[in-house]
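Observations on the model geometry
So the chains spell out like this:
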Amino acid sequence: VNDGSWESKKVGCSKPISSFKLQILSLARDFSNVKFDTLLETLSRKANDLGIFFDPRNVPFRMCTLGDIGAQIKSCKYSFVIMESKGEEYGSIKNHETYINRTQCITLKVAEKVVNGDLKTTENILYKYNAKIGGINWKVDLSSITGFSEVSKQPTLVIGADVTHFTRSGSRPSLAAVVCSYDKSISKYLTRVSAHYPEDGRNSIELIPDMDKIVSEMLGRKELHNFEKTKQRNVIYYRDGVSQGQFENTVMKELELIKKAFLDKGCKDTRFSVIVCTKRHDQRFMRKDRVKYDNMKPGTVVDSSIMAPNLLNFYLCSQQAIQGTSVPCHYYILHDDLKLNVDSWQAFSFALCHAYGRVTRSVRYPAPAYYAHLACESARERFLAGYQDVQWDDTAAPDNQLPTEDEIQQTIVPGNFDAFYM
């Protein structure tokens, strides 16, 4: 790793599922058969270089409309969908996606980059594809992180959560997303999304009131059966998008709900740690050489002088800004049964910033929180596409025209869809 980026020669590929079918669909009329052949050849060649399973034989190419794309998606296990742009059609496409019929949307501009031989863009498409079919792009080695040698000997789950809101409207629900790792490398995640209408007079709700139900459902999945059976286990909870004034009434209440879910499953000897990562703040850090100011190196930590009083907190600059000034993430350690020192949490958080599966760069904040954020954004697009006939505004439609929470769940969470964030 050099300044937050690295070159990848091989990634961990999943075992291809039987009768795996792949197809390329296009809503963009300017994408011709000639471009399709070049696209398929470029993807296949680069996938082979990276060690990713990608069978180019008998891959059909079909021009579609939004009216018939649902049937096409359901006819194949994996569909690349080329769109004119990421507009309203994105949510409509994703609403046809299920656990066994997965999609990956590519804009026409990005597809043409691949056709024209842009290998970095091709790589990023394939990293996303590999993660969605069960492969592992990057791993986190707990045993190599300062202070985590003993923790690594016990099963450890990392949970990430985020909530997104619609602007100035109490008639739309707040959408919450929770992801949970289920492998030793902290690379594969289960995902759940839930919707909650705010109370009267409020425009949003930040608390995830059904966190116990969500975590309980995840613990019931076969991927976590071995975790339940162990005598001692660790849970690390990263929460995104919460201000200091909400720590006690939101994050700590969610911790109690998470603990309840584990106790209900008989997992009594479990240690919990809670970290809030905040992106919206005004702090910026620069380093000065002999000639000019420059961004801080990835991995730089600021944990003195400007910290919030009475709280264990620090700033971490984890990424190399491609353009402009890099923005650090502000971390607050609110609860720690593992009793690790702040240096260990800094190293662990920085390692998770390298675990984001889409790119060969470290990102601004830990991958679990990032995936939860992506799940929220995807749910938002699905929701808007599913209920675009309702006039969502501040005057609001009558209550009997608003979708119920159950109807929303069916729209934004199709079955047990665990690649939702991708």
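Predicted model only: the values in this text are computed from it and were never measured.

Points about the sheet that holds strand S12 (residues 300-302)
Sheet architecture is open: 8 strands sit in the order S7-S6-S5-S8-S9-S14-S13-S12, paired in mixed fashion. Each edge of the open sheet is held by one strand with a lone partner, namely strand S7 (189-196) and S12. For this sheet the average axis-to-axis angle between neighbouring strands, irrespective of direction, equals 25°. Note that strand S8 (residues 233-240) and strand S9 (residues 270-278) share 8 bridges and pair parallel. Note on S9: the bridge partner recorded for Val235 is Phe272. Contacts from helix H6 (residues 211-219) reach strand S5 (156-164), strand S6 (174-181), S7 and S8 within the one sheet, and its direction differs from that of S7 by about 150°. Against the sheet, helix H8 (residues 247-264) makes contact with S5, S8, S9 and strand S14 (329-336), and its axis sits at roughly 150° relative to S9, the strand it touches most.

Observations concerning the nonpolar core
Within soluble globular proteins, side chains that are nonpolar generally end up buried alongside one another. Counting residues in hydrophobic clusters, the biggest one holds 34 residues, and the most contacted among them are Phe148, Ile186, Ile236, Tyr238, Tyr331, Trp345 and Phe348. Within the residue set of this core, elements represented by two or more residues are S8, S9, strand S13 (312-317), S14, helix H9 (342-352) and helix H10 (367-386). Tallying contributions element by element places H10 first for this core, with 5 residues. Excluding residues that lie within four positions of it along the chain, Ile186 makes contacts with Val140, Leu142, Val158, Ser181, Phe348, Leu352 and Ala355. Grouped together as the second largest cluster of nonpolar side chains are 33 residues, Ile159, Leu257, Val276 and Tyr332 included.

A few points about the packing of H6 against H8
Running from N to C, H6 and H8 cross one another at 40°; their axes reach a closest spacing of 8 Å. Handedness of the crossing formed by H6 with H8: right-handed. Seen from H6, the contacting residues are Met211, Asp212, Val215, Ser216 and Leu219; seen from H8, they are Glu254, Leu257, Ile258, Lys260, Ala261 and Phe262.

What about helix H4 (residues 108-115)?
If you check which residues of H4 are buried, you get Leu108, Ala111, Val114 and Val115. Buried positions in H4, seen along its axis, are confined to an arc of 115° and lie on one side of it. Against helix H1 (33-50), strand S3 (78-83), strand S4 (102-107) and helix H5 (119-132) lie the buried residues of H4. Looking one or two residues past H4, Gly117 carries a phi angle of roughly 90°, positive in sign.

Observations regarding the confidence of the model for the protein
For the protein, mean pLDDT is 84; residues scoring 70 or higher make up 88% of the total. Mean pLDDT in the protein bottoms out at helix H11 (residues 405-412), which sits at 47, and peaks at H4, which reaches 96. Confidence drops under a pLDDT of 50 for residues 407-422, and excluding neighbours within four residues, the segment shows 64 contacts in the predicted structure.

Quick look at the side chain of Ser174
Checked against the element boundaries, Ser174 lands in strand S6. One polar contact links Ser174 to His165, side chain to side chain, over a distance of 2.8 Å. At 3.0 Å, the side chain of Ser174 and the backbone nitrogen of Ile205 are in polar contact. Apart from the residues within four sequence positions on either side, Ser174 is in contact with Val163, Thr164, His165, Ser194, Ala195, His196, Ser204 and Ile205.

Some remarks on the packing of aromatic side chains
What the rule picks out here adds up to 21 aromatic pairs. Measuring from ring centre to ring centre gives 5.3 Å for Tyr189 and Tyr371, while their planes differ by 65°; the resulting arrangement is edge-to-face. With Tyr189 in strand S7 and Tyr371 in helix H10, this pair connects stretches of sequence that are 182 residues apart. Across this residue pair, the class does not change: Tyr189 and Tyr371 are buried. Taken together, the ring pairs connect Tyr189, Tyr356, Tyr365, Tyr370 and Tyr371 into an aromatic cluster. It is Lys86 that lies over the ring of Tyr90; its NZ or CZ is 4.5 Å from the centre. A cation over an aromatic ring shows up here: Lys279 above the ring of Tyr365, its NZ or CZ 4.5 Å from the ring centre.

Things to note about the environment of Thr38
Tracing the sequence through the fold places Thr38 in helix H1. In this structure the C-alpha to C-alpha distance between Thr38 and Gly117, which are 79 residues apart in sequence, comes to 9.0 Å. Reaching out from Thr38, the side chain makes a polar contact with the backbone oxygen of Val34 at a distance of 3.2 Å.

Side note on the pairing of strand S1 (residues 22-26)
Counted residue by residue, S1 has 5 buried out of 5 residues, so it is predominantly covered. Burial along S1 is two-sided: the residues Leu22, Ile24 and Ser26 and Gln23 and Leu25 are all buried. Here 5 bridges tie S1 to S3, and the two strands are oriented parallel to one another. Bridge assignment links Ser26 to a residue of S3, and that residue is Ile82. Pairing geometry for S1 and strand S2 (residues 61-63), over 3 bridges, is parallel. Of the residues in S2, the one forming a bridge with Leu25 is Arg62. Note on the crossover from S1 through H1 to S2: the handedness is right-handed.

What about the packing of H4 against H5?
At a closest axis distance of 8 Å, the pairing of H4 and H5 adopts a crossing angle of 115°. Crossing hand, H4 versus H5: left-handed. In this structure, H4 uses Val110, Lys113 and Val114 to contact H5, whose residues at the interface are Thr121, Thr122 and Ile125. Across the contact of H4 with H5, the residue classes break down as 3 nonpolar, 2 polar and 1 charged.

A few points about the sheet that holds S2
The sheet built from 4 strands is open, its strands ordered S2-S1-S3-S4 with parallel pairing. One side of each edge strand has no neighbouring strand; the edge strands of this open sheet are S2 and S4. For this sheet, the mean angle separating the axes of adjacent strands, direction not counted, is 25°. Packing against the sheet, H1 makes contact with S1, S2 and S3, and its axis sits at approximately 140° to S1.

Calculation rules
Along each chain, residues carry numbers from 1 onward, in the same order as the chain's sequence is written. In view of the model being predicted, local features appear only for residues whose pLDDT reaches at least 70, and side-chain atom pairs are presented and counted only at 80 or more, with totals across whole chains, interfaces and linings using the full set of residues. The basis for the side-chain values is all heavy atoms of the structure; hydrogens and waters are excluded. Two strands are said to pair when DSSP picks up at least two bridges between them. Helix and strand definitions here come from DSSP, where helices need a minimum of 4 consecutive H or I residues and strands a minimum of 2 consecutive E residues; each element is numbered from the N-terminal end. A fitted line through C-alpha atoms represents every axis, and for helices the fit uses only the stretch in contact; the resulting angles, taken between N-to-C directions, go from 0 to 180 degrees. By definition in these notes, contact holds between two residues if any of their heavy atoms fall within 4.5 Å. Remark: nonpolar core denotes a set of buried residues (Ala, Val, Leu, Ile, Met, Phe, Trp, Tyr, Cys) joined through side-chain atoms within 4.5 Å. Buried residues are those whose accessible area, probed at 1.4 Å on protein chains only, stays under 20% of the maximum for their type, while exposed residues exceed 50% and partly exposed ones sit between those limits. Crossing chirality is assigned from the near helix's rotation relative to the far helix, an anticlockwise turn below a right angle marking it left-handed and a clockwise turn marking it right-handed. In this description, the arc belongs to the directions extending from the helix axis to the C-beta atoms. Every residue is assigned a pLDDT by the predictor, reflecting its confidence on a scale from 0 to 100. Two N or O atoms count as a polar contact when they lie within 3.5 Å, although within protein this holds only if one can serve as hydrogen donor and the other as acceptor, and sequence-adjacent residues are included solely when both atoms are side-chain atoms. Between 30 and 60 degrees the pair is tilted, below 30 it is stacked and above 60 it is edge-to-face, where a pair is any two Phe, Tyr or Trp rings, Trp via its six-membered ring, whose centres lie within 6.5 Å. Criterion for a charge above a ring: Lys NZ or Arg CZ within 6 Å of the ring centre, and within 35 degrees of the ring normal. With strands facing away from the observer, any crossover in which the path from the first strand over the helix to the second runs clockwise is taken as right-handed. Three categories are distinguished: nonpolar for Ala, Val, Leu, Ile, Met, Phe, Trp, Tyr, Cys and Pro, charged for Asp, Glu, Lys and Arg, and polar for the others, with Gly belonging to the last.

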